[in-house]
Amino acid sequence: MFLLIVLAVALNGFVSFGIESIGIELFRALGAEMGHAIAIASLLGLFKLAGRIIDLAGGRRWDALSTAQVAAVAMPLGLVAVGLFGAGPGLGPASWSVPVAAYLVLFGIGSGAFAVSRATMPLLFYRRADYAAAMSAIAVPLNLINALAPPVLAGLLVVAGPWAVLGLMAGLGTLAAILLAWLSRLRPAPEPDREIA
């Protein structure tokens, strides 16, 4: 169970942190002009914030694992949208394409919501007394993956192009979603000291 949590969080972290590190160059390679690519990368932060607000507003209506599952499905869909249709300017005065809007909504909100859920998800599986130890153990591979993501994705972008990068990230994101679905089947019955405050 712990391994499933670590793998899902680490894979999602690779994708989320990776896009932040190479986002501008990735979108330039997908057809966006420099100003457009910078705007996309900048707006991603606002949509991630929206995802965090939506998750926090949910309160007790849903738990962290449910949030993580929805977010983990949304993120690859956002990547697939720009992978299939590109990131060049669209029609209309705003010059924003539908694929870019889909990316910002799906990937941005999903990434922000997952960031909140990964911090509280262990509370569903571990007693409060064990929470700190579990989070410390998760932090080690997560930090390692976050450090590896920029050079790996930058190298792949140079060698194989933007679609290879998007394909890898979408694949890893999908794998994270599968692991979370598996983890959901192992969800324990609620106990008083396992409830999220």
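Every chain's residues receive numbers from 1 upward, in the order its sequence appears when written. At least 70 in pLDDT is required for a residue's local features to be given in this predicted model, at least 80 for side-chain atom pairs to be given and counted, and no such filter applies to totals for whole chains, interfaces and linings, which use all residues. Hydrogens and water molecules were not included; the side-chain quantities draw on all heavy atoms of the structure.

Focus: the pattern of salt bridges
Our working definition: By salt bridge we mean one thing: a side-chain nitrogen of Lys or Arg within 4 Å of a carboxyl oxygen of Asp or Glu. A run of DSSP states H or I qualifies as a helix once it reaches four residues; a run of E qualifies as a strand once it reaches two. Both are numbered from the N-terminal end. Three exposure classes are used, based on accessible area relative to the maximum for each residue type with a 1.4 Å probe and protein chains only: buried under 20%, partly exposed in between, and exposed over 50%.
Following the criterion strictly, the structure yields three salt bridges and no others. Ionic pairing is found between lysine 48 and glutamate 20, a salt bridge with its closest N-O pair at 2.0 Å. Placement of the pair is lysine 48 in helix α2 (residues 34-58) and glutamate 20 in helix α1 (residues 2-29), with a sequence separation of 28 residues. Assessed through its relative accessible area of 44%, glutamate 20 is described here as partly exposed. Among the salt bridges present, the one from glutamate 25 reaches arginine 28, with a minimum N-O distance of 3.7 Å. Of this pair, glutamate 25 and arginine 28 both sit in helix α1, three residues apart, roughly one helical turn.

So, the nonpolar core
Considering soluble globular proteins, one finds that nonpolar side chains tend to be buried as a cluster. We apply this condition: Side-chain atoms within 4.5 Å link the members of a nonpolar core, which is a set of buried Ala, Val, Leu, Ile, Met, Phe, Trp, Tyr and Cys residues.
In terms of nonpolar packing, the biggest core is built from 52 residues, with Leu26, Phe27, Leu79, Tyr103, Met121, Met169 and Leu180 touching the most fellow members. Contributions of two or more residues to this core are made by α1, α2, α3 (64-85), α4 (98-120), α5 (128-160) and α6 (162-185).

Some thoughts on the confidence of the model for the protein chain
Note the following rule: Every residue gets a pLDDT, meaning the predictor's confidence in that residue, from 0 to 100. Should any heavy atoms of two residues lie within 4.5 Å, those residues are counted as being in contact.
Confidence in the prediction of the protein chain, expressed as mean pLDDT, is 87, and 90% of residues score 70 or more. Here α2 stands out as the least confident element of the protein chain, with mean pLDDT 88; α6 is the most confident, with 95. Between residues 91-95, whose pLDDT stays under 50, and residues either more than four places distant or in other chains, the model counts four contacts. For the stretch residues 193-197, pLDDT sits under 50, and the model shows 18 contacts to residues farther than four places along the chain or on other chains.

Topic: the side chain of serine 111
Here serine 111 lies in helix α4. Beyond its immediate chain neighbours, meaning those up to four positions away, serine 111 contacts Ser16, Lys48 and Met75.

A short note on a nonpolar patch on the surface
The criterion, for reference: Candidate patch residues must exceed 30% relative accessible area and have no salt bridge, after which like charges are joined if within 9 Å and Val, Leu, Ile, Met, Phe, Trp or Tyr side chains if within 5 Å. For every accessible area listed, the method is Shrake-Rupley and the probe measures 1.4 Å; residues are considered covered only by the protein chains on display.
There is a patch of nonpolar side chains on the surface, built from Leu144, Leu148, Val152 and Leu168 and spanning about 320 Å² of accessible area. Per-element tally for the nonpolar patch: the top contributor is α5, with three residues. The topology assignment puts valine 152 in helix α5.

Quick word on the packing of aromatic side chains
Heads up, the rule is: Aromatic rings from Phe, Tyr and Trp, taking only the six-membered ring of Trp, are treated as a pair when their centres fall within 6.5 Å; an angle between ring planes under 30 degrees marks them as stacked, one over 60 as edge-to-face, and anything in between as tilted.
In the structure shown here, the tally under the stated rule is three aromatic pairs. Three or more aromatic residues link up through ring pairs in this structure, and these residues are Phe27, Tyr103 and Phe107.

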